[in-house]
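Residue-level listing of the chains:
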Protein chains: 2
Amino acid sequence: MTEENRSHDEVLREALEEHGHRYTEQRAAVYRFLASTDKHPTAEDVFLAVRNDVPVISLATVYKSLETLVSCGLAQKLTYGESSTRYDGRTDPHHHARCLACDRIVDVPGTLPSEDLEEMDRETTQFRVTGYRLEFTGYCASCHSEEAGTAPALA
Amino acid sequence: MTEENRSHDEVLREALEEHGHRYTEQRAAVYRFLASTDKHPTAEDVFLAVRNDVPVISLATVYKSLETLVSCGLAQKLTYGESSTRYDGRTDPHHHARCLACDRIVDVPGTLPSEDLEEMDRETTQFRVTGYRLEFTGYCASCHSEEAGTAPALA
DNA sequence: GTATCTGCAAATTTTTTGCCAGTAG
DNA sequence: CTACTGGCAAAAAATTTGCAGATAC
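Student: Before we go on, may I ask you to explain the pairing of strand 3 (residues 94-99) of chain B in this structure?
Tutor: On a regular strand, one side chain projects to one face of the sheet and the next to the other, so that they alternate. With respect to burial, strand 3 of chain B is a largely interior element, six of its six residues being buried. Judged by which residues are buried, strand 3 of chain B turns out to be covered on both faces: His94(B), His96(B) and Arg98(B) on one side and His95(B), Ala97(B) and Cys99(B) on the other are all buried. Where strand 5 (residues 128-139) of chain A lies against strand 3 of chain B, four bridges are found, and the strand directions are parallel. Paired with Thr137(A) across the bridge in strand 3 of chain B is Arg98(B). Linkage of strand 3 of chain B to strand 4 (residues 105-109) of chain B, two consecutive antiparallel strands, is achieved through a turn of five residues, within which Asp103(B) is found at a positive phi near 70°.

Student: Would you explain the domain arrangement of chain A in this entry?
Tutor: All names here are of chain A. Per the domain assignment, the segments making up chain A are domain 1 (1-91) and domain 2 (92-155). Counting residues at the interface gives 11 residues for domain 1 and 10 residues for domain 2. Interface area, domain 1 with domain 2, both sides summed: about 1,000 Å², of which 42% is carbon and sulfur. Remark: the boundary between domain 1 and domain 2 carries seven residue pairs in polar contact (both at pLDDT 80 or more). Of all the elements in the fold, those that place two or more residues in the side of domain 1 that touches domain 2 are strand 1 (76-78) and strand 2 (86-88).

Student: In this structure, what is going on with the protein's contact with DNA strand D? I would like to understand it.
Tutor: Near DNA strand D there are 19 residues, and of these Tyr63(A), Arg22(B), Thr24(B), Val56(B) and Thr61(B) occur at the shortest range. Restricting the count to atoms of DNA strand D within 4 Å of the protein gives a sugar and phosphate share of 71%. Arg27(B) is positioned such that a nitrogen or oxygen atom in its side chain is 3.1 Å from a phosphate oxygen of DNA strand D. At 2.4 Å from a phosphate oxygen of DNA strand D is found a side-chain nitrogen or oxygen belonging to Thr61(B).

Student: Can you help me understand the protein's contact with DNA strand C in this one?
Tutor: Around DNA strand C there are 18 residues in total, and Thr24(A), Val56(A), Thr61(A), Tyr63(B) and Thr85(B) lie nearest to it. Among the atoms of DNA strand C lying within 4 Å of the protein, the sugar-phosphate backbone contributes 70%. Within the side chain of Gln26(A), a nitrogen or oxygen atom sits 3.1 Å from a sugar or linking oxygen of DNA strand C. Between Val56(A) and DNA strand C, the recorded distance is 2.5 Å, taken from a backbone N or O atom to a phosphate oxygen. Of the residues belonging to the surface near DNA strand C, the class tally is six nonpolar, seven polar and five charged.

Student: Please explain the packing of aromatic side chains as it appears in this structure.
Tutor: By convention here, two paired aromatic rings are described through the distance between centres and the angle between planes. All chains considered together, the criterion is met by zero aromatic pairs over all chains. If you follow Arg13(A) out to its NZ or CZ, it ends over the ring of Tyr23(A), 3.8 Å from the centre.

Student: Please explain the pattern of salt bridges as it appears in this structure.
Tutor: For side chains of opposite charge, pairing can occur when their charged atoms come near one another. Residue and element names in this part refer to chain A. The final tally for this structure, using the stated rule, is 10 salt bridges over all chains. Between Glu67 and Lys77 there is a salt bridge, and its shortest N-O distance comes to 3.7 Å. You can see Glu67 sitting in helix 4 (residues 59-71) and its partner Lys77 sitting in strand 1, a full 10 residues away along the chain. Since its relative accessible area comes to 30%, Lys77 is described here as partly exposed. Across the salt bridge formed by Arg90 and Asp92, the nearest N and O atoms sit 2.7 Å from each other.

Student: Hey, could you run me through the packing of helix 3 (residues 43-50) of chain B against helix 4 (residues 59-71) of chain B in this one?
Tutor: Two measures define how a pair of helices packs: the angle their axes make with one another and the distance between the axes. Residue and element names in this part refer to chain B. One way to put it is that helix 3 packs onto helix 4 with a least axis distance of 9 Å and a crossing angle of 115°. Relative to helix 4, helix 3 is oriented roughly perpendicular. The chirality of how helix 3 crosses helix 4 is right-handed. On helix 4, the residues that touch Ala43, Glu44, Val46 and Phe47 of helix 3 are Leu59, Val62, Tyr63 and Leu66.

Student: For this particular structure, what's the right way to read empty space enclosed by the protein?
Tutor: A water-sized probe, rolled over the atoms, reveals where empty space remains. Counted by the stated rule, this structure contains three cavities of 30 Å³ or more. Thr79(A), Arg133(A), Glu135(A), Thr79(B), Arg133(B) and Glu135(B) are the residues that line the largest cavity. Residue assignment for the lining of the largest cavity shows that the elements contributing at least two residues are strand 5 of chain A together with strand 5 (128-139) of chain B. Here the lining of the largest cavity is composed, by residue class, of no nonpolar, two polar and four charged.

What counts, and at which threshold
- Throughout this document, residue positions are counted from 1 along each chain, in the order its sequence is written.
- Whichever chain is written first is A, and whichever ligand is written first is 1; the rest continue in order.
- In view of the model being predicted, local features appear only for residues whose pLDDT reaches at least 70, and side-chain atom pairs are presented and counted only at 80 or more, with totals across whole chains, interfaces and linings using the full set of residues.
- To get the side-chain values, take all heavy atoms of the structure and skip hydrogens and water.
- Type-normalised accessible area, obtained with a 1.4 Å probe on protein chains alone, sets the label of each residue: buried when under 20%, exposed when over 50%, and partly exposed for intermediate values.
- In this text, helices come from DSSP runs of H or I with a minimum length of four residues, and strands from runs of E with a minimum of two, each type numbered from the N-terminal end.
- Two strands make a pair as long as DSSP finds a minimum of two bridges between them.
- For the purposes of this description, domain bounds are those given by an automatic or database domain assignment.
- We call two residues in contact whenever any of their non-hydrogen atoms come within 4.5 Å of each other.
- By convention, the term buried area covers the 1.4 Å-probe accessible surface removed from two parts as they join, with the contributions of both added.
- In protein, a polar contact means a hydrogen-donor-capable atom and an acceptor-capable atom, both N or O and within 3.5 Å, with residues adjacent in sequence counting only if both atoms are side-chain atoms; elsewhere, any N or O pair within 3.5 Å suffices.
- Any residue with a heavy atom positioned within 4 Å of a molecule or strand is treated as near that molecule or strand.
- Amino acids are sorted into nonpolar (Ala, Val, Leu, Ile, Met, Phe, Trp, Tyr, Cys and Pro), charged (Asp, Glu, Lys and Arg) and polar (every other residue, Gly among them).
- Aromatic pairs are defined between Phe, Tyr and Trp rings, using the six-membered ring for Trp, whenever the two ring centres lie within 6.5 Å; interplanar angles under 30 degrees are classed as stacked, those over 60 as edge-to-face, and all others as tilted.
- Two thresholds decide whether a charge sits over a ring: the Lys NZ or Arg CZ must be within 6 Å of the ring centre and within 35 degrees of the ring normal.
- Any carboxyl oxygen of Asp or Glu within 4 Å of a side-chain nitrogen of Lys or Arg constitutes a salt bridge here.
- Every axis in this analysis is a line fitted to C-alpha atoms, fitted for helices over the stretch in contact. Angles between the N-to-C directions lie between 0 and 180 degrees.
- Angle categories are assigned with fixed cut-offs, so that under 35 degrees is roughly parallel, over 145 is roughly antiparallel, 65 to 115 is roughly perpendicular, and the rest are oblique.
- In a left-handed crossing the near helix is turned counterclockwise from the far helix by less than a right angle, and in a right-handed crossing that turn is clockwise.
- Think of a 1 Å grid over the protein atoms and nothing else: a 1.4 Å probe that fits but is trapped marks a cavity, an open set flanked by protein within 12 Å on at least five of seven lines marks a pocket, and residues with an atom within 4 Å of a point count as lining.
- Grid points are joined across faces, edges and corners, and a volume is the space filled by probe spheres set on the points.

As structure tokens, then:
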């Protein structure tokens, strides 16, 4: 393993431990793959890719591992109208641009959106922006009291 | 029917015609319900609600009708990690806030997001904002040429 | 040693489809 | 009339679950 891989493993071990989960080869492989790609793979994509690294892993385990990573804050779940859920291993603040033609998802740097579409257009590399959608997360009036646990910076 | 309902029907007729679809009682009932609520119902919610208005309608027809409305620009499809797809009959520019506790979805007025979370907090009525997510839509570098048809203002 | 995890297959859940009769235009 | 629609039931697609054996710690 390279130094970078060892670093990934350490990050993973720490996060898992902190959340009361165990380190396993399957979870490590899923995390390594997610962290190594800037594509935004589906569970099946991850399954197919990880098969090459790990002797045997099942699709169900990939689903379970992804869920575990998300719950540890090491991955993000992205859903769109079409097809399957996508997963993103980047944990720094950023946004996404989805191509209406090919469904590719591209990362957009930055935390706050620009003031106008033109600037957005420039920010999203090589991407011609036609629209956007903003979703806030938090707690509604009737749920303020139940607000427990952590508040994700980017949900 | 009230005047408002007649107006809904006219809007619907026009939009359907424009897209080469026919006006039917089922589509009208689905559209009327969607336009009358500020909740963001699932297909099943729509099915149950519409049953009261229309003698007989099937869940499959509700799915087909919703798909038709979306394709005519009369409704929006909203997907989140959890459970089913939600539908929104509002067609003016606005955003959404989702409660992490109860999954309720609240409308947020305005087109461009505010500069800071505090202001967002004020904008989203009674909603305590902890995070947000921004999704651009458009066409990636390799798909520029294929860019055909209409570009939705808010996808 | 023991609680957690994995793989497998079966179950669930959500959405789509094929087909024939019914209806809009 | 004739093509588009709706209902029904079956299919498909995506994700989850129960369980028994394997594994981390």
